[in-house]
Amino acid sequence: MNPALANKILKLTPSSILHPTPKMDTPLVLNTGATIPAIGLGTWQSGPGEVREAVAHAIASGYRHIDTAWMYRNEAEVGEGMREGIKRAGISRADVFLTTKLWCTYHNRVEEALDDSLGKLGEEYVDLYLMHWPVPMNPNGNHPAFPKRPDGSRDIDESTTWIETYKSMVKLLATGKAKAIGVSNCSVKYLQDLAAEVGHVPAVNQVELHPFLPQHDLIEYCAAKGIHVSAYSPLGSTGTRFMNDETVQEIAKKHGASAANVLISYHVARNCSALPKSVTPSRIEENAKVLDLDDEDMETLTNLAKNKGTIRLVYPPFGVRHPSLPNDEPKLTVWQIKLGFPDKEEV
Ligand SMILES: NC(=O)c1ccc[n+]([C@@H]2O[C@H](COP(=O)([O-])OP(=O)(O)OC[C@H]3O[C@@H](n4cnc5c(N)ncnc54)[C@H](OP(=O)(O)O)[C@@H]3O)[C@@H](O)[C@H]2O)c1
């Protein structure tokens, strides 16, 4: 095209088209060709009697993305809330993106686990099925979710690997019961290990992500490989640790918005989806507002971890006792499984 004409068209094009303001349902493209809405309602620790209405209210107020997991023990209410919300919003099931997750004690029976989740949800399919942690645990241990060995250490299933689990998850796609599969809590190292053994690229990696744990390397790696990143614990999880940060509050003031809005919008600016959890109707509505953060805001947020230090909130002690160590030193005998995150490399 003639450059002068192209320039003229560019000048006449409204800035709302050239630079659209991000919204909660801004569709972010997955490597499956499907899209995932920018903001999803988190439901971890959303308890019985409250999560049904939280999900229904979220969908009625415009949310189109819900995140749950077998481990949250709330899939039945999440499903009920989803159908109620869909009714209130006058939309259909296909308009909502639903994620659930495979728990560690189900790594050797993934289809059974998905069927169990679908039965609880009362749904025929999920839009995304994630491996919750790349850590297989004994399916026949002394607890259905968190089995321990007699010495008190975590009962890791060493007869298999999480990569074998992933291969089984790939087979779920043919059943239509999961439209996409992905992983959660995977570092670059884990994703590289997976890529070395399996041709199928996860659609999503759901990880803890916020200005205090920006994980630039992981974001860069995932972008290069076509893996969408979803951010969990965006507000600082239980206790909303980041909402009182002065820098976050200053940016919020500048935009006439809340600290939660800043912390959530940070992810959308990075092309990631964010999963704020709330069971409070007013907060569910508040969290849906996405701000158009400018370069200065993003630089300030990027400097937070550099200036104030990195904080990782969710890192369960998936420890195993190392056989060469004595039994009477609990602190030393429990070895952390190294998940490959640079901020947690050391034991
Ligand atoms: N894949 C994984 O391993 C993994 C791990 C952790 C989390 N997740 C997912 O990510 C979701 C979010 O993470 P999260 O639950 O750890 O924490 P979060 O979303 O960072 O924070 C949740 C807390 O913030 C409060 N809150 C929400 N909006 C607020 C607002 N506008 N003002 C003040 N307080 C507000 C909530 O209280 P109320 O509910 O009382 O309003 C709740 O106490 C989870 O629910 C889950 O779906 C995944």
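Refer to the structure presented above.
Residues numbered from 1 in each chain as written. Predicted model: local features only at pLDDT ≥ 70, side-chain atom pairs only at ≥ 80, totals over all residues.

A. The arrangement of the overall build of the protein in detail. What the protein contains, in helices and strands, is 13 helices and 12 strands. Radius of gyration (C-alpha) of the protein: 21 Å, near the 20 Å computed for a compact globule of 347 residues. Over its C-alpha atoms, taken along the principal directions, the protein stretches across nearly 75 × 45 × 45 Å. Looking at the protein residue by residue over its 347 residues, the buried ones come to 41%. (Helix = DSSP H or I, 4+ residues; strand = E, 2+ residues; numbered from the N terminus. Rg over C-alpha atoms; globule rule 2.2 N^0.38 Å. Buried ≥ 20, exposed ≤ 12 C-beta atoms within 10 Å, placed from the backbone.)

B. Spotlight on helix H4 (residues 75-89). With 15 residues, H4 extends 20 Å from end C-alpha to end C-alpha; this agrees with the ideal 21 Å at 1.5 Å per step. With its phi angle positive at about 65°, Gly90 sits one or two positions after the end of H4. (Expected span 1.5 Å × (residues − 1).)

C. The arrangement of the sheet that holds strand E7 (residues 181-184) in detail. Pairing is parallel in the open sheet, where eight strands are placed in the order E3-E4-E5-E6-E7-E8-E9-E10. In this open sheet, the two strands that pair with only one neighbour each are strand E3 (41-42) and strand E10 (273-274). (Pairing = 2+ DSSP bridges.)

D. The arrangement of the pairing of E7 in detail. Of the two faces of E7, the one carrying Ile181 and Val183 and the one carrying Gly182 and Ser184 are both buried. Pairing geometry for strand E6 (residues 128-131) and E7, over three bridges, is parallel. Within the sheet, the bridge partner assigned to Met131 lies in E7 and is Val183. Assessed by its sense of winding, the connection that carries the chain from E6 through helix H6 (residues 162-172) to E7 is right-handed. Note: E7 against strand E8 (residues 204-208), two bridges, orientation parallel. What sits directly across from Val183, in E8, is Asn205. Traced from E7 through helix H7 (residues 188-197) to E8, the parallel crossover comes out right-handed. (Right-handed = clockwise from strand over helix to strand, strands pointing away.)

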